[in-house]
Every structure is written in structure tokens, then in C-alpha cells.
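# Structural characterization, general
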Amino acid sequence: MPNQIATFRGSAAQCFFGIIALTVVTLVCLRLKADLSTMAFIYLAVIVLLSLFGSYFASAFLILMAVAGLAYFFSPPVFNSAIDLPQDIALVIVFLLTPLTVTGLVRRSRKLTEAALRAEVVAKKAERELRLAINTIPALVWSTLPDGSLDFINQRWQEIGLSLDDLRGSEWVNVLHPDERTGVADRWRTAVETGTPYENIERVRRADGEYRWFLSRAQPLRDEFGNIVKWYGTDTDIEDQKRAEDALRESEQRFRDFTESASDWYWETGPDHRFIAHLVSEQLLDKIGVLPTSRIGMLRWDFARDLEEEPEKWRLHMATLDAHKPFRDFRYKAASRDGSEVYIAASGKPLFDAEGRFLGYRGVASQITAAVRAALLEEALQEAKVVGDNIAHDLRTPLTRVRLRLERGREHAATLEELRAVADQAIVGLEQSLTTITALLRITEIEHSRRREGFSDVQLAPLIREAGDLYEPIAENKGVTLRVEAPDGAAVRGDRDLLFEAVANLVDNAVKFTPEGGSVVLALVDHEGETVIRVSDTGPGISEAEREAVTQRFYRSDKSRNTKGLGLGLSMVAAIIKLHSFRLKISAGPACTAEIACPQVD
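Residues numbered from 1 in each chain as written. Predicted model: local features only at pLDDT ≥ 70, side-chain atom pairs only at ≥ 80, totals over all residues. Heavy atoms only, no water.

### Looking at helix H10 (residues 311–322)
Given 3.6 residues per helical turn, the α-helix brings residues three or four places apart onto the same face. Cut-off, in case you're wondering: Working definition: helices are DSSP H or I runs of at least four residues, strands are E runs of at least two. Numbering for both runs from the N terminus. Take the number of residues in a helix, subtract one, and multiply by 1.5 Å to get its expected span. Under the scheme applied here, a residue whose accessible area is under 20% of the maximum for its type counts as buried, over 50% as exposed, and between as partly exposed, the area being computed with a 1.4 Å probe on protein chains only. Arc definition: it is the arc formed by the directions from the helix axis to the C-beta atoms. The contact rule is simple, with two residues in contact once any of their heavy atoms fall within 4.5 Å.
Spanning 12 residues, H10 covers 16 Å between terminal C-alpha atoms, matching the ideal 16 Å at 1.5 Å per step. Buried within H10 are the following residues: Trp314, His317 and Leu321. Along the long axis of H10, the arc covered by the buried residues comes to 60 degrees, so they all point the same way. Buried residues along H10 sit in contact with strand S8 (327–335) and strand S10 (358–367). Where H10 ends, the next residue or the one after it, His324, has phi of about 60 degrees, a positive value.

### Description of the sheet that holds strand S12 (residues 481–485)
Rule in force here: Paired strands, in this sense, are two strands between which DSSP finds at least two bridges. Here an angle of 0 to 180 degrees is reported between the N-to-C directions of two axes, which are lines fitted to C-alpha atoms, with helices fitted over the stretch in contact.
Strand order in the open sheet formed by five strands is S12-S14-S15-S17-S16, and the pairing between neighbours is mixed. Both outer strands of the open sheet, S12 and strand S16 (583–586), are each paired with one neighbouring strand and no more. Across the sheet, the axes of successive neighbouring strands diverge by a mean angle of 15 degrees, strand direction being ignored. Taken together, the eight bridges between strand S14 (residues 519–527) and strand S15 (residues 530–537) define a ladder with antiparallel strand orientation. What sits directly across from Val520, in S15, is Asp537. Against the sheet, helix H13 (residues 460–478) touches S12, S14 and S15, its axis set at about 170 degrees to S12. Across the sheet, helix H14 (residues 496–513) lies against S14, S15 and strand S17 (592–599), angled at about 25 degrees from S15, the strand it touches most.

### A word on the pairing of strand S4 (residues 211–222)
The pairing of strand S3 (residues 198–205) with S4 spans eight bridges and is antiparallel. Each residue of the ladder has a partner; that of Glu199, found in S4, is Arg217. Between the antiparallel neighbours S3 and S4 lie five residues, among them Gly209 with a positive phi of about 90 degrees. The sheet contact formed by S4 and strand S5 (residues 228–237) spans nine bridges and is antiparallel. Across the sheet, residue Ala218 finds its bridge partner in S5, namely Gly233. Turn length for the S4-S5 hairpin, with the two strands adjacent in sequence and antiparallel, is five residues, and the turn residue Gly226 shows positive phi of about 90 degrees.

### As for the sheet that holds S3
Overall, antiparallel pairing links the five strands, which are arranged S2-S1-S5-S4-S3 in an open sheet. Of all strands in the sheet, those with a lone pairing partner are strand S2 (150–153) and S3, marking the two edges. Averaged over all adjacent pairs, the angle separating strand axes in this sheet is 30 degrees, with direction ignored. Alignment of strand S1 (residues 140–144) against S5, held across five bridges, turns out to be antiparallel. Within the sheet, the bridge partner assigned to Trp142 lies in S5 and is Gly233. Together, S1, S3, S4 and S5 form the strand contacts of helix H7 (residues 181–194), whose direction differs from that of S3 by roughly 145 degrees.

### Considerations on H13
Going by this rule: Two axes define the bend at a residue: one fitted to the seven residues ending there, one fitted to the seven starting there, and the bend is the angle between them.
Its 19 residues give H13 an end-to-end C-alpha distance of 27 Å, which sits within 8% of 27 Å, the value for a rise of 1.5 Å per residue. Along H13, the largest kink reaches about 40 degrees and is centred on Tyr471; proline Pro473 follows within four residues of it. Inspection of H13 places Leu460, Ala461, Leu463, Ile464, Ala467, Gly468, Tyr471 and Ala475 among the buried residues, and these make up the whole buried set. Once H13 finishes, Gly479 follows within two positions and takes phi at roughly 85 degrees, a positive value.

### Examining the environment of Leu522
Tracing the sequence through the fold places Leu522 in strand S14. A residue is classified by how much of its surface remains accessible, and Leu522, at 0% relative accessible area, is buried. With 16 residues separating them in the primary sequence, Leu522 and Leu506 have C-alpha atoms 9.4 Å apart.

### Some remarks on the packing of aromatic side chains
Let me state the cut-off plainly: The aromatic pairing rule takes the rings of Phe, Tyr and Trp, using the six-membered ring of Trp, and pairs them if the centres are within 6.5 Å, calling planes under 30 degrees apart stacked, those over 60 edge-to-face and the rest tilted. Either the NZ atom of lysine or the CZ atom of arginine qualifies as a charge over a ring when it sits within 6 Å of the ring centre and within 35 degrees of the ring normal.
Summed over all chains, the structure comprises 14 aromatic pairs. Judged by centre distance (6.0 Å) and plane angle (85 degrees), the ring pair of Trp267 and Phe275 falls under edge-to-face. The exposure class of Trp267 is buried, given its relative accessible area of 3%. Against the face of Trp213 rests Lys242, its NZ or CZ located 4.6 Å from the ring centre.

### Structural notes on the environment of His317
If you trace the backbone, His317 turns up in helix H10. Beyond its immediate stretch of four places on either side in the chain, His317 contacts Arg300, Phe327 and Phe330.

### Description of the nonpolar core
Basically, it comes down to this: Here, the term nonpolar core denotes a set of buried Ala, Val, Leu, Ile, Met, Phe, Trp, Tyr and Cys residues that are joined through side-chain atoms within 4.5 Å.
Core analysis: the biggest nonpolar cluster contains 41 residues, and Val503, Leu522, Ile533 and Ile596 have the highest contact counts within it. Listing elements by their share of this core, those giving two or more residues are H13, H14, S14, S15, helix H15 (569–580) and S17. With sequence-adjacent residues up to four places away left out, Ile533 is seen in contact with Leu460, Ile464, Val503, Leu522, Ala523, Leu524, Ala594, Glu595, Ile596 and Cys598. Leu150, Ile153, Leu176 and Val192 belong to the second-largest nonpolar core, a separate cluster that totals 21 residues.

Dropping the structure here:
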């Protein structure tokens, strides 16, 4: 709209001044009695000059007025509109074309001039904005000529006290740290000569003499022929980043020093509980016998040695991990690089991000093999002392009887038959002592054997029936009813001979302590996904206070003092059950039920 108003005003002004000019020229020419040619030339000159306003409408209007004036005032007779051909037609055409052509050229020239002016204004504005942006960028901006000599810097350089005069040409090298000048100059020269982008980390001196780290980058600007016309670059202050990196490296080195000198090692696991870090000092590598990277990607229970021996412990530990709870002093057995067993205690803390998402665990671990072995040795020594005391107690009586009988026989036996009778009684006592020693050796053999390596699938129904057949005559002689319930199909992984020995001991105890007229049931049942061997009787039972003690060696309850036995049967059962990683449960009285819970074979 503003352009249209301006155009209208220009056309009106051109018409107004044209009318005045043509009127004045007409009056002057009439007074001077100018001829037609002179008058036509003057009219044409006036119209051409007025056409510089650039309005087609005004130019056409003035042309019509000029033609009318020539026709009516200067072409005789006066006020005659007749036009002679072809001269008059040519004159009219010249009058029409010349001003219109000039008007078109003027308009075009004016538009080009206005466009150029507008472009110049836009360019100056863009240049101001670009310069403002360059000076606002939080970096030191610079440019160089194709030969690499500096020719421009932004105002950020002034903030660190440097001007273009300080840096012009190759003077910029002098503001670099002396230790880096040669290297930086060589790298820049190589980039300029090869035309490759430049990037380097260097120290620049401020006006106050302080050196700060900058990341310097530059790219060449090429023309359409691929020739470099300029280099543009930036220097970004990374002093704080460098200090943070140095502090981080120092912190990492300090942590590494702690790790190298610590008796523990540090670990970290991801959300899937697999190790992602395992930092072990050199001095611990030989002790635990593993490489620091050998655990990466593994689960803790992948290399544990007691997973099958103590499944309940590991089940609870896995439940703790899945619940994302901290744990402390979790002890387990693992294998070292040479195959020997080591004991490890681990403590961990769960990690969460700002939004509460679980990231994994971080914690420490230590090798406690020496402490565990010392504790086991102490326990073994204590147990050996107790066993020794029990052996001495249980063997002293029969051996004392043997000694007394032999002494009496030697003193009082008058005949060979009497001496043989004394010797027979001594042999019975010695056999009882040898039976006790044999049972003890058998328990020790089971506890320390490696018979797990020979485990196989064992069908339990035939084994149960065989034990029932063995003790049925014994039970019948005592007046006790023995019933066997063993459906086919159940199988476990284990040693058949040892399992038979464990079942036989349980049945032997049940028959032994069940009074005449009572009953014993040997059954094979399924319970909560496990196979259970159950031996129940109608005897006096075991009190709740004695349930743990009955599996100890040589333990004899008050109710069994008068019953023949060594007190080692349930100890042997406990040893066999532990070897198989089964569970033994003995219920309290009255009556007694003993159960062996076995995982089923898939």
C-alpha cells in the first residue's frame, strides 16, 4: 500500500509539472513563432525530462498533450487536426516511443538502484548482526589469510587483554606457552600446507600473565575451484574442564593407590548382577588366583563352589539382590586359578539414579580363606577333643572289662575250658570297641570323601523295598509291625549304597526304640515338588530339646541308655545327607518321624 501511494503521488507530480512546462513552452514558442520541427523537438525534450519520474501514465498523458499542441497550434492551418502522411505519422510514433522507452528505462534503473540500496542495507545489517554474533560467541574467534597469517579477531580477545596488533601475522605464536610454541607452530604450518582442518589443545597467555588451556580449531574456506581463500577458527577456554579432568585423574590415581595397598578389592555389578568392574591389587592377585578382568560379565554364583552344598544360603542371597537391598559379609566358597578353594566375604550397596531406577551394586570383597580355615581347624580340633573324650568314655568301660576278665582268668582259670571262656568274653568286648572305631572311621570317610563325582540317578522305590525286606524279620521277632509304602517313579541324584545305609540306619533306630506291639512305617511320598523318604514309629519319640543333639556322635538320650547301640547311627545319616545336599528333619515326640527331603531328578 505505501508503494502504491508513492507511485500515485509521483504520477500526479509528473502530470502537474508537465502541464505547466508544456504550457510555458507553448506560449514561448508561439511568441517566438517557432516552426513545427523546433517545437516538436522542444516538446520531446520536455517530455523526456519529465519521464525521469518513471510513471507510464503521466508520460502517456504528456505525450497526448504534446501531440495535440503540435496538431492544433503549430500545424497550419491553426486548430486543424489533420495529419499528413507519412511524416506526421512518423512524428507521432517518435513522440510515443521515445518518452515511453525513457520512462521504462528510468523505472528499471530506479528499481535496480532501489534493489541495490535495499541489498546494501540488508548486507550492512547482516554484517552488523554477524559481527555482533561473532563478538557475542563465548569463544575466541579469528581468521587468517590463505598463508596462515592472522588478520581478524573478535572482541573476546580484548577480554583477555590481547589486540589484533599483538596477534597479527605470526605474532600469535608469542602468546602461547613457551613449551608448546614450536609444536603448535609446526601443526598449524602442516594444516595450512595440506589444507586439512586444524585441532589442538594449547595454553594461551592472558594480559595478566596467566596461561589458560584452550581448544583451538580451524577450517579452511574454499572457492568454487577448491582454492583456500580464508581460514576461520575458534579458541574455546577449557581451563575448568582441564582442571576437572586433572582432578578426576588425581582422584582415580588416589583410588587406585588405595586399591593397590588395600587388603580388600572393589567390585561393581550392573542391573543384571553381572560384574562390570573388578579392581584387585597386584598383591592380591596371587592370593585369590584370578585376573581382574576374569570376572567381568559373570555372576557371583557362576564361579561359586558351594552353590549345591548350601542352596538355601544362595537362594536367600539372590532374593536380597532381586529386592535391591544392601548385604554385608556374605561368605561363599570360590575356585582360584590353580583350582584350589578360597573363601570370600562380600558386602554390597544398591545404586539408584535420580529417578529411582536400579543401576546395580557397588561394594567390597576380601579373601578370608585363612580365617575360615583357622576357624574350621579350631572347630575340628574342638570336635576331635569331644570325640576323643567320647571315645575314651565309651571304650574305657569295655576295655576295662576285658582287662579285668583277662586278669581274673589268668589268676583263677584252672582248666583250658575256663581260660577259653574268659578269652571269648574278652573277644566280645574287643569286638564292641572295634565296631565303635569302625563306625567313626566310616563317618569320617563319608564327610571327607569325593564320592559326589560318582553320583548317578538312583531309583528310590527299589531301595526302600530292599531296606524293608532287610528289617522285616528283625521287626517281626520283636513284635513290631513294619509297613513299606514305595510307589515307583521317584528318582534322585546320588550314591545308592550310601543312601541305602542312611535309610537302613533310620529304620534300625525306629525298630530298635519301638516297643512290642508298636508299628514302623517306611514311606516314599511327594511333598511340594520334593521326594521325601519318611520313617515314622510309635516309640517314645525325641524331645524338642534333643532334636539337634541326636545327630552328634556318641549322643545317647536318657531313654536309650539301656538300649544296645553306639550312638553313631544318626551321625552317619547326617553325614550322608550333607554329602548329598539333602535335608534331614526329625520331629519331636511323642512317637518319632524322620524325613529325608530330596530334590527330584528332571
